[in-house]
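Fold and geometry: a report
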Amino acid sequence: MPEHDCYHCGLPIPADVDLPVDIEGTRHQMCCTGCQAVAQSIVSSGLIDYYKRRDAMPEQAREAMPDELKDLGLFDHPDFQQGFVKPIGEHEREAALILEGITCSACIWLNEQHVAHQPGVTAVDINYATRRARVRWDERRIKLSDILAAIQAIGYRAYPYDAARSEQISQRERRSALWRIFVAGFGMMQVMMYAFPAYIAADGEMTADIEAMMRWASLILTAPVVLYSAAPFFSHAWRDVRLRRLGMDVPVALGVGAAFVASCWATVIGQGEVYFDSVTMFVFFLLCGRYVEMLARQKAVRGVEELGKALPAFAEKLAAWPSPAGDKVPVSQLVVGDVIRVKPGETVPADGVVIEGESEANEALLTGESRPVPKRPGAEITGGTVNGGSPLCVRVSRTGEHTRLAAIRQLMERASAEKPRVVQQADRVAAYFIVALLVLACVTAGWWYWHDPDRALWIFVSVLVVSCPCALSLATPVALTVATDALARMGVLVTRGHAIEALARADHFVFDKTGTLTYGEMRVETVRAFGAADASTLLALAAGLEQGSEHAIGKALRLRAAEEGVSLPAFGGVAATTGQGVAGVLDGVTYRIGRPAFAAELAAAPVPEALLEDERSGRTVIALASSVGWLGGFALSDGLREDCVQTFETLRAEGLALSIFSGDTPPAVEAVGRQLGVEHAVGGMTPEGKHAGLRALQKGDAVIAMVGDGVNDAPVLAQAQVSVAMGGGTDLARNQADIVLLSARLGALADGLALSRRALSIIRQNLWWSFAYNFTAVPLAMSGLVTPWMAGIGMSASSLFVVLNALRLQRGLKR
């Protein structure tokens, strides 16, 4: 094997990639970390003879694995699991998988039920639209390989999820579907050529031998259509029957099989009607409908796939910055502290801080904002964004699954894995519908066999085929998937399955102030001293107490202290009181910083009039006191977001009630309320007070949407029916909100509300269509007015309608 080819799979090794594996004392190079992990597993499992016995490189990557290693559980190897398995608890693990072979909602139900009953599996959720699965298990009781084997045992295949694997499966599905459509289409046209003379010939014009010859020719041409093109219907139906569960393929297989067998018998004995033309037309139209549905579904779920492909495979790492010399290395090898160079037009490979150069970054994929964001030394830059004008040197701060892009992808995956209540209800209805359909088809066949035996068979087939529980099951998940993708492109990240429906139904929006209505970038305007200490000393004490705070006020105090070059003292016994402030001890003296009333308790003296006057002016006031008495105070201000007023006007025009709940001083909150035209603006609220305020509103049957900080306001957000967080600077991995606004633009909330309402409207349209179609088509088929080929068109068109209707949500997106 040439030295520049991978020893494991035989593919070329990219330049400057060094991934060796020691095999029997010889170092062999691999092309990627996946091949390296597999090769190391082969060596550690004692299967080195695999490399000795093979006589050719595998044609596909998945064939580069010996059968023995599959039996020993490659998927249980920690190195192999790094990319798609994450720890949840001490012994609990969660894997992101993608399933192959899913054709209807019953397949989802079957896999969920089967996997959930495996000992040690604690949770399993599968999304119908994306074919994505989230599985949790206790590694002490079951292995991942056992779970994958259980899925394979019922006729499906599960793979570790990654964007490349997902695209490979999609391409394979499309290629297989096109071949089946081609065979069905060719057979249909040829069978129609032989069936047409029988339709137009008058009695006596066609001899018996000619009619028999045409029937046999039709049988020969129909056989490949049934045995190849329609094979998935039969295999899936047999699997469902074997497991004593009913899926949509059961009535389809019954209909096709019954019509084909009856036609074959009529051909053999030379008596009775044949339905070869109807069988081939039905299979062709049904396959066409499912193919278009598959294309639409794959288009609808590409949002998360694009995030998965956003990072480049390689990065230019500077060996000894500020030396300009650099080497290309795989992004997976970057570690925190590395310095990388990002050239104009390249994608930033990891989160970091700019240390050299000035440029602009396009963050449209992450925030929905098309305007480039200026980047200068000291500015944070996110992996997945595209560098614009000039080269940047970046010090890596987060890599791999710890980056902001990975957090966004994980939150989107969490949302897609959860099943909203409306989806669960539709799935239950669809399951009962299939049972009712089979009963109706049998009753109808019996009635027609008694009254008109010649028509009984094809009416039986029509009833089985014309109904479409698939449309009912697709109606909601496809619309939610498209809406989630469309919202993400706006910079509105949906992290919970119920969020879109809840946002659309919300009639009362409650906003926090700091960091939500304002930028959260507070500035210290005034420093007031009430004793002998000067302004620098007061800043040192205040910033020292706030050293561990993530609140905007603490950051503002530390920034002002840094600007003035003040050194910070080290406090002991620092303790934060939620919604009040921070206390600490320095040189035996207790200090407090926070609300004036909180500091006044320690000072044992009334709040100074100067601080009260600052509060009345609408500014945020923070007081500093010690056990000796009052020390000083700070007046801070924070401007409203530029589109805040317009957003509130839009929400008010939609008939929504608006409130502001804030922990800031009442005068400051009331001043913001006057600017925004909000009468119900309450300040000085603790988290407990906000919680009680939300509960009081909910007692009046209000559907609350709470907009605040996804980390610090988590208990309050949890009380609301739907919670929204400003995620511009928030640690997304800890964000507990149902929806996160990724950009600094508050107007994205109004856009998201409008699209959520459109999505809910489309879900209602899809459900109404599904029920109306089935309650109309089934009676028509039972009365003999629908032929099997017409039923095939109707069934395919019904499923296709709900998918295409959902895709309308992608129109007119604001970028």
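Just so you know, these numbers come straight off a predicted model, no measurement behind them.

Focus: the overall build of the chain
The secondary structure content of the chain amounts to 28 helices and 29 strands. With 815 residues in all, the chain has 53% of them scored as buried. For the chain, the share of sequence-separated contacts (at least 6 apart) that also reach a separation of at least 24 residues comes to 68%. As presented, the chain carries roughly 35,900 Å² of accessible surface, and 56% of it is formed by carbon and sulfur atoms.

With respect to the pairing of strand 10 (residues 339-342)
By the alternation rule, side chains of strand 10 split into Val339 and Arg341 and Ile340 and Val342, which are all buried. In this structure, strand 8 (residues 314-318) lies alongside strand 10, joined through 3 bridges in antiparallel fashion. Looking at the pairing, Glu316 lines up with Arg341 of strand 10. One ladder, built from 4 bridges, connects strand 10 with strand 16 (residues 392-398); its direction is antiparallel. When the bridges of strand 16 are listed, Ile340 appears paired with Val394.

A short note on the environment of Thr518
Here Thr518 is to be found in the loop between strand 18 (508-511) and strand 19 (523-529). We classify Thr518 as buried; its relative accessible area is 0%. Between the alpha carbons of Thr518 and Val672 there is a distance of 9.5 Å; along the sequence they are 154 residues apart. With residues up to four places along the chain from it excluded, the contact list for Thr518 reads Lys513, Asp638, Gly639, Leu640 and Arg641.

What to know about the packing of helix 23 (residues 644-653) against helix 27 (residues 747-782)
Closest axis-to-axis distance for the helix 23/helix 27 pair is 8 Å, and the angle between their directions is 25°. Classified by the interaxial angle, the pair formed by helix 23 and helix 27 is roughly parallel. Residues Thr647, Thr650 and Leu651 of helix 23 lie in contact with helix 27, whose contacting residues are Gly747, Ala750 and Leu753. Taken together, the residues that form the contact of helix 23 with helix 27 break down as 3 nonpolar, 3 polar and no charged.

Thoughts on the nonpolar core
Among the nonpolar cores identified, the biggest contains 53 residues, and Phe509, Phe511, Leu517, Phe648, Ile660 and Leu676 are the most heavily contacted of them. With residues near it in sequence (within four places) discarded, Ile660 still touches Phe511, Leu517, Val669, Val672, Gly673, Leu676, Val678, His680, Ala681 and Val682. In this structure, Ala177, Val279, Trp458 and Val786 belong to the second largest nonpolar core, which totals 51 residues.

Describing the confidence of the model for the chain
The share of residues in the chain with pLDDT of 70 or more is 82%, and the mean pLDDT across the chain is 80. Within the chain, strand 18 carries the highest mean pLDDT (93), whereas helix 3 (residues 67-72) carries the lowest (43). For the stretch residues 58-72, pLDDT sits under 50, and the model shows 25 contacts to residues farther than four places along the chain or on other chains.

Brief notes about helix 22 (residues 609-616)
Along helix 22, the positions that sit buried rather than exposed are Leu611, Asp614 and Glu615. All buried residues of helix 22 project into a common sector of 100° when viewed along the axis, lining one side.

What counts, and at which threshold
Residues numbered from 1 in each chain as written. Predicted model: local features only at pLDDT ≥ 70, side-chain atom pairs only at ≥ 80, totals over all residues. Heavy atoms only, no water. Helix = DSSP H or I, 4+ residues; strand = E, 2+ residues; numbered from the N terminus. Buried < 20%, exposed > 50% of the residue type's maximum accessible area, 1.4 Å probe, protein only. Contact = heavy atoms within 4.5 Å. Areas by Shrake-Rupley, 256 points an atom, 1.4 Å probe, with all protein chains shown as cover. Pairing = 2+ DSSP bridges. Axes fitted to C-alpha atoms, helices over the stretch in contact; angles between N-to-C directions. Parallel < 35°, antiparallel > 145°, perpendicular 65-115°, else oblique. Nonpolar A, V, L, I, M, F, W, Y, C, P; charged D, E, K, R; others polar. Core = buried A, V, L, I, M, F, W, Y, C linked by side-chain atoms within 4.5 Å. pLDDT = per-residue confidence, 0-100. Arc of directions from axis to C-beta.

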